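Structure assessment
Chain by chain, the residues run as shown.
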Amino acid sequence: MHSDNDAGYTVHCNDLKWLPLAPAVYIKVIKLVPETGEYTIMSAEIYVMKGRGAHPQTGHFVAGDYVSEHKGALHDPLLFDYETELLMVSRGPSVFLADDGSDLYTMDVAMLQRMNEAAA
């Protein structure tokens, strides 16, 4: 439980449900801050906890690597050939693009809140 005097909190991530984000991509929403639009799951900071892959614009990565995307960055789809776990911290919305370049959907606090509520 939280109180007005809390200095922070612990999230039991193993208790969180995996939520489908895109084909073969699942996320756990750890923290949402509606007041600022921040959430923990694109600028994005990504720590690779497990697996490996290749980010078309930033290069190959393996467990233990840190990947940084700048605000407004565009990149090709990330396809994962191996089971990969990432910790991603975002300080704003991410727009996922369709093959024709149009907006497919936006990952933001409101979208992640809806996903959490639907999974509850």
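Scroll up for the structure.
Residues numbered from 1 in each chain as written. Predicted model: local features only at pLDDT ≥ 70, side-chain atom pairs only at ≥ 80, totals over all residues. Heavy atoms only, no water.

**Looking at the pairing of strand S5 (residues 44–50)**
The pairing of S5 with strand S8 (residues 66–69) spans four bridges and is classified as antiparallel. By the bridge assignment, isoleucine 46 is partnered in S8 with valine 67. Here S5 runs beside strand S9 (residues 85–90); their pairing, made up of six bridges, is antiparallel. Bridged to glutamate 45 within S9 is valine 89. (Pairing = 2+ DSSP bridges. Helix = DSSP H or I, 4+ residues; strand = E, 2+ residues; numbered from the N terminus.)

**Focus: the packing of aromatic side chains**
Tallied over the entire structure, the rule returns zero aromatic pairs. Positioned above the aromatic ring of tyrosine 82, the side-chain terminus of arginine 52 is 3.6 Å from the ring centre. (Phe/Tyr/Trp six-rings, centres within 6.5 Å; stacked < 30°, edge-to-face > 60°. Lys NZ or Arg CZ within 6 Å of the ring centre and 35° of its normal.)

**A word on the side chain of threonine 84**
Positionally, threonine 84 belongs in the loop between S8 and S9. In terms of polar contacts, threonine 84 uses its side chain to reach the backbone carbonyl oxygen of arginine 52, at 3.3 Å. At a separation of 2.8 Å, a polar atom in the side chain of threonine 84 contacts the main-chain carbonyl oxygen of tyrosine 82. (Polar contact = N/O pair within 3.5 Å; in protein donor to acceptor, adjacent residues only side chain to side chain.)

**Brief notes about the nonpolar core**
Of all hydrophobic cores here, the largest spans 14 residues; its most connected members are Ile27, Met107, Met111, Leu112 and Met115. Put simply, the parts of the chain that give this core at least two residues each are strand S1 (19–22), S5 and helix H1 (109–119). (Core = buried A, V, L, I, M, F, W, Y, C linked by side-chain atoms within 4.5 Å. Buried < 20%, exposed > 50% of the residue type's maximum accessible area, 1.4 Å probe, protein only.)

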